[in-house]
Amino acid sequence: MTEARTVVAIPGDGIGPEVMASARRVLEAAGAPLAWVEHHAGLRAMQDGDPVLPEATLEAVKEHKVALKGPCTTPVGKGFSSVNVQLRKALDLYAAVRPVRSLPGVKTRFDDVDLVIIRENTEGLYSGVENVVTPGVVMSMKVATEKACDRISAWAFDYAKKRERRKLTVFHKANIMKLTDGLFIRCSQAQADLNPEVPYEEVIIDAGCMKMVQDPTQFDVLVLENLYGDVVSDLCAGLVGGLGVVPGANIGNSEAVFEAVHGSAPDIAGRDIANPLALIMSGVMMLNHLADTEGREEMRAAAGRIKTAYNGALEDGECTRDLGGSLGTSAFTDVLVRRIQS
Ligand code: ATP
């Protein structure tokens, strides 16, 4: 029997536990040889009297290298820095990768979207450097380092080459933020020079957003600094059916944490109506990552079975409400499990 690969599950908050239960059922049904260890973060960790990012959770991800994570809520108020930002920084998960693709049976204005968003995950305006200058005047500092700008563009070019993508576009605002975004595009240009086989372009982000909603097929791989990547990910999700269908991976040099682009969606939590597909797809990315990095081809095979199942279900209109269907989270999960097993 194939030895199970231990991976960390962090269910998170809001719809997190529901979509995590669904994703685990689907990955198990597909025969992925995984052994899960569960750890908490966010509000769920605080319920146990722990900090929002407990040391044990961090250590487990460091030990097992790979985690599937639900969305985590950071309490609003003084003294709490974002769980997600803390995790990405603590493990130096500098590249967020978000494939945004049209899905069969999911009707939107476009039926041929195939984008990959690569977001710098560790700095920019998410560095958390905010000050009260004087009462009524606050400031937030946008940080860019040559090291981080350079490694994200190098990573993105490498990704584009390995996956034989069409081109790489940087969205930026270097005409206004001459130093920070200026550094970002200078580092990208240097990588473009080193990788002449990948067509490269730079687009000012506001014009880029307009072009994107007019015709997303003119873009392929997008590279963005942290805040732009966050915003453009949701914009692009809207092109393919919404946040319920966009997965993601946060990748560093030794660990990788797979999570959907969506947040904890408190408005629909606990009602069995959330679409688990984005986390299931993140699980598929995790299986392919294990195949790529550890040569575990049985993981790739399981990923393929899951993809076939959800493509088939969507094509037959078997989906959750956000995609125009009528199934709840568990009923949709049942459909996928049945399809995988048949
Ligand atoms: P957070 O503050 O944790 O990021 P949020 O409510 O600001 O949460 P999201 O959680 O990303 O942002 O959700 C935005 C909206 O999109 C939600 O109100 C919800 O209705 C919808 N949504 C997000 N994820 C899903 C999903 N998996 N299935 C169905 N609807 C979803």
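Residues numbered from 1 in each chain as written. Predicted model: local features only at pLDDT ≥ 70, side-chain atom pairs only at ≥ 80, totals over all residues. Heavy atoms only, no water.

Visitor: It is not clear to me how the site of the ligand should be interpreted in this structure. Could you clarify?
Guide: Around the ligand, the surrounding shell holds 13 residues, and the nearest of these are Gly263, Ser264, Ala265, Asp267 and Asn275. Between the ligand and serine 264 there is a distance of 2.8 Å, counted from an oxygen atom to a backbone nitrogen or oxygen. Take aspartate 267: an N or O atom from its side chain is 2.7 Å from an oxygen atom of the ligand. In terms of residue class, the shell around the ligand is made up of 6 nonpolar, 5 polar and 2 charged. (Near = heavy atom within 4 Å. Polar contact = N/O pair within 3.5 Å; in protein donor to acceptor, adjacent residues only side chain to side chain. Nonpolar A, V, L, I, M, F, W, Y, C, P; charged D, E, K, R; others polar.)

Visitor: Honestly, empty space enclosed by the protein in this entry has me stumped. Any pointers?
Guide: Summary: where empty space remains is shown by rolling a probe the size of a single water molecule over the atoms. Within this structure, the stated rule accounts for 1 cavity of 30 Å³ or more. Here the largest cavity defines a volume of roughly 70 Å³. As for the largest cavity, its lining consists of Glu120, Glu123, Gly124, Lys142, Val143, Ala144, Cys149, Thr180, Asp181, Phe184, Glu225 and Asn226. A total of 3 residues in the lining of the largest cavity trace back to one element, the largest contributor, which is helix H6 (residues 180-194). Split by residue class, the lining of the largest cavity holds 4 nonpolar, 3 polar and 5 charged. (1 Å grid on protein atoms, 1.4 Å probe; cavity = no way out; pocket = protein on both sides within 12 Å on 5 of 7 lines; lining within 4 Å. Points joined across faces, edges and corners; volume = space filled by probe spheres on them. Helix = DSSP H or I, 4+ residues; strand = E, 2+ residues; numbered from the N terminus.)

Visitor: I tried to follow the sheet that holds strand E9 (residues 200-204) on my own but got confused; where do I start?
Guide: Within a sheet, neighbouring strands are paired by backbone hydrogen bonds and run either parallel or antiparallel to one another. On the basis of which strands lie adjacent, the open sheet formed by 10 strands has the order E2-E1-E3-E12-E11-E4-E5-E10-E8-E9 and mixed pairing. Each edge of the sheet is formed by a strand with only one pairing partner; in this case those strands are strand E2 (34-38) and E9. Here the average twist between neighbouring strands, direction ignored, is 25°. In this sheet, strand E11 (residues 249-251) lies alongside strand E4 (residues 95-101) in antiparallel orientation, the contact comprising 3 bridges. Its bridge partner lying in E11, valine 97 is registered against alanine 249. This element, helix H4 (residues 83-90), spans strand E3 (66-69), E4, strand E5 (114-120), E11 and strand E12 (256-259) of the sheet and lies at about 155° to E12. (Pairing = 2+ DSSP bridges. Axes fitted to C-alpha atoms, helices over the stretch in contact; angles between N-to-C directions. Contact = heavy atoms within 4.5 Å.)

Visitor: What exactly am I supposed to notice about the pattern of salt bridges here?
Guide: For side chains of opposite charge, pairing can occur when their charged atoms come near one another. Taken as a whole and judged by the stated rule, the model has 24 salt bridges. For the salt bridge of glutamate 294 with arginine 5, the shortest nitrogen-to-oxygen distance reads 2.8 Å. With glutamate 294 in helix H9 (residues 277-294) and arginine 5 in strand E1 (residues 5-10), the pair connects residues that are 289 residues apart, well separated along the chain. On the basis of relative accessible area, glutamate 294 is assigned to the partly exposed category, the value being 37%. Here aspartate 220 and arginine 165 are joined by a salt bridge, their closest N and O atoms 2.9 Å apart. Remark: arginine 165 occurs in the loop between helix H5 (146-162) and strand E8 (168-172) and aspartate 220 occurs in the loop between helix H7 (205-214) and strand E10 (221-224); sequence separation between them is 55 residues. Neither residue differs from the other here; aspartate 220 and arginine 165 are each classed as buried. If you follow the salt bridges from partner to partner, you end up with Arg101, Asp114, Arg165, Arg166 and Asp220 in one network. (Salt bridge = Lys/Arg side-chain N within 4 Å of Asp/Glu carboxyl O. Buried < 20%, exposed > 50% of the residue type's maximum accessible area, 1.4 Å probe, protein only.)

Visitor: What should I look at first to understand the packing of H5 against H6 in this one?
Guide: Relative orientation and spacing of two packed helices are given, respectively, by the angle between their axes and the distance between those axes. Here H5 crosses H6 at 40°, and the two axes come no closer than 8 Å. By the angle between their directions, the pair H5 and H6 is classed as oblique. Of the two possible hands of crossing, H5 and H6 adopt the one that is right-handed. Packed against H5, whose contacting residues are Glu146, Cys149, Asp150, Ile152, Ser153, Ala154 and Phe157, the element H6 presents Leu183, Phe184, Cys187, Ser188, Gln191 and Ala192 at the interface. Of the residues in the contact of H5 with H6, the class split is 8 nonpolar, 3 polar and 2 charged. (Parallel < 35°, antiparallel > 145°, perpendicular 65-115°, else oblique. Left-handed = near helix turned anticlockwise from the far one by under 90°.)

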